[in-house]
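Secondary and tertiary structure notes
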Amino acid sequence: MTHVIIGCSFIWFGWLVANAGSGLLPNYRAVVVFVTTNLSASVGGITWVTIDYIRHKPRKFSALGFCTGAVAGLVAVTPASGFVSPTSSIAFGLFGAIFCNFSLSCKKWLRIDDAFDVFCLHGVGGIIGNLLCAVLAQKSVAAVDGTEIIGGVLYDGHWKQLYIQLIDTVAGFTWSFIVTLIIVFIMNKIPGLYLRTTQVNEEIGLDKTELGESLYQHIEDLKLQQCACACTQVKLTNGVNKSFVGDSNTLEVEMTPKFNNGKISSGLDIQRNGQEILSASL
């Protein structure tokens, strides 16, 4: 969780610099872009936390939810950050978080494998932002540095921009989908570049199967030590319960993967002074 918050902070800061600096001029419009980007991210984070608080029990304010919502807000406002007012940017964070959160639920229901929620955040968020830009874009905001646009639907009454943004969204989505599909199809045919590893490797963890080590091995070792030093009860596969209590004798605990009909389970072996006192499949 610490890494998530640190990473979100870096992304947020970098996104502000990227959006505000995209015009390559230190002018008032860059300030507007900076403010709209930051405000949309803030509203997105608060909205996501609120949705999760209402939908899930026990009700908690999630730091992970805030970081996810902030990214959704950043993605949604990016297409429009230089064309909308700070007030309008609130809508981008709000609707971006709502639709991205809903898309996560759809992903689970449709059983789509999107490990990092890339499409749910960047795909759906980008689509929402692109369409909202047509609705909330303002000529007065773009005119801060002399840029002329026809404006959007709500403030300037130009419905044509909505059609343009919709066509742009469909064209971009189609191009990205087809080209990506071609690339990953070719990659999957090249030895060593397979898109999916085996189920056994996934269950063990790619850190151990591919790199031979785990980033959180010290935490796993600490949990096993606590298990050995506390009064613990393990239910064996045959229904027999055994208990042991840590004492002055040497207790050796080993957690190893065990295979049964192609499926993996954790095996717990406990020894005292070199003699096995408990072996179980968990």
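**Looking at the overall build of the protein chain**
- Secondary structure summary: the protein chain contains eleven helices and five strands in total.
- For the protein chain, with 282 residues in total, the buried portion stands at 32%.
- Long-range pairs, those at least 24 residues apart, make up 52% of the contacts in the protein chain with a sequence separation of at least 6.
- Within the structure as shown, the protein chain displays about 17,900 Å² of accessible surface, and the carbon and sulfur contribution to it stands at 64%.

**Side note on the side chain of serine 89**
- When you line up the elements, serine 89 lands in helix α4 (residues 86-110).
- Once residues lying within four places of it in the same chain are set aside, the contact partners of serine 89 are Thr36, Leu39, Ser40 and Val77.

**Notes on the layout of surface pockets**
- Size it by volume and the largest pocket reaches roughly 590 Å³.
- As for the largest pocket, its lining consists of 24 residues, and the residues nearest its centre are Leu64, Thr68, Leu104, Asp117 and Leu121.
- Here the residues of the lining of the largest pocket are counted per class, giving twelve nonpolar, eight polar and four charged.

**Some remarks on the packing of helix α2 (residues 28-55) against helix α3 (residues 63-77)**
- Running from amino to carboxyl end, α2 crosses α3 at an angle of 140°, the nearest separation of the two axes being 6 Å. With respect to each other, α2 and α3 are oriented oblique. In this structure, α2 crosses over α3, and the sense of that crossing is right-handed. Of the residues in α3, those in contact with Thr36, Thr37, Ser40, Ala41, Ser42, Gly44, Gly45, Ile46, Trp48, Val49 and Asp52 of α2 are Gly65, Phe66, Thr68, Gly69, Ala70, Ala72, Gly73, Leu74 and Val77.
- Of the residues belonging to the contact of α2 with α3, the class tally is nine nonpolar, ten polar and one charged.

**Notes on the nonpolar core**
- If you look at the biggest cluster of nonpolar residues, it comprises 29 residues, and the most contacted ones within it are Trp12, Trp48, Phe92, Cys100 and Leu121.
- Where this core is concerned, the elements lending two or more residues are α1 (2-21), α2, α3, α4 and α5 (118-136).
- Counting residues per element, this core draws most heavily on α3, which supplies eight residues.
- Beyond its immediate stretch of four places on either side in the chain, cysteine 100 contacts Trp48, Ala72, Cys120, Leu121, Val124 and Gly125.

**A few points about the confidence of the model for the protein chain**
- Averaged over every residue, the pLDDT of the protein chain is 83; the share at 70 or more is 80%.
- Confidence drops under pLDDT 50 across residues 231-251; counting only partners more than four residues distant or on other chains, this segment forms 47 contacts.

**Here we look at the packing of aromatic side chains**
- By the definition in use, this model includes four aromatic pairs.
- With a centroid separation of 4.6 Å and an interplanar angle of 10°, the aromatic rings of tyrosine 53 and phenylalanine 61 are classed as stacked.
- Overall, the relative accessible area of 65% leaves phenylalanine 61 in the exposed class.
- Connected via pairs of aromatic rings, a cluster forms that spans Phe119, Phe173 and Phe177.
- One Lys or Arg, arginine 29, reaches over the ring of phenylalanine 83 and ends 4.9 Å from the middle of that ring.

**Some thoughts on the pattern of salt bridges**
- Summed over the entire model, instances satisfying the criterion amount to four salt bridges.
- A salt bridge links aspartate 145 to arginine 29, with the nearest nitrogen and oxygen atoms 3.5 Å apart. Of this pair, aspartate 145 sits in the loop between α6 (139-142) and α7 (153-156) while arginine 29 sits in helix α2, placing them 116 residues apart in sequence.
- Overall, arginine 29 belongs to the buried group, its relative accessible area being 13%.
- Here glutamate 202 ties to arginine 196 by a salt bridge, and the two come within 2.4 Å at their closest N and O atoms.

Each value, and the rule that gives it
- Residues numbered from 1 in each chain as written.
- Predicted model: local features only at pLDDT ≥ 70, side-chain atom pairs only at ≥ 80, totals over all residues.
- Heavy atoms only, no water.
- Helix = DSSP H or I, 4+ residues; strand = E, 2+ residues; numbered from the N terminus.
- Buried < 20%, exposed > 50% of the residue type's maximum accessible area, 1.4 Å probe, protein only.
- Contact = heavy atoms within 4.5 Å.
- Areas by Shrake-Rupley, 256 points an atom, 1.4 Å probe, with all protein chains shown as cover.
- 1 Å grid on protein atoms, 1.4 Å probe; cavity = no way out; pocket = protein on both sides within 12 Å on 5 of 7 lines; lining within 4 Å.
- Points joined across faces, edges and corners; volume = space filled by probe spheres on them.
- Nonpolar A, V, L, I, M, F, W, Y, C, P; charged D, E, K, R; others polar.
- Axes fitted to C-alpha atoms, helices over the stretch in contact; angles between N-to-C directions.
- Parallel < 35°, antiparallel > 145°, perpendicular 65-115°, else oblique.
- Left-handed = near helix turned anticlockwise from the far one by under 90°.
- Core = buried A, V, L, I, M, F, W, Y, C linked by side-chain atoms within 4.5 Å.
- pLDDT = per-residue confidence, 0-100.
- Phe/Tyr/Trp six-rings, centres within 6.5 Å; stacked < 30°, edge-to-face > 60°.
- Lys NZ or Arg CZ within 6 Å of the ring centre and 35° of its normal.
- Salt bridge = Lys/Arg side-chain N within 4 Å of Asp/Glu carboxyl O.

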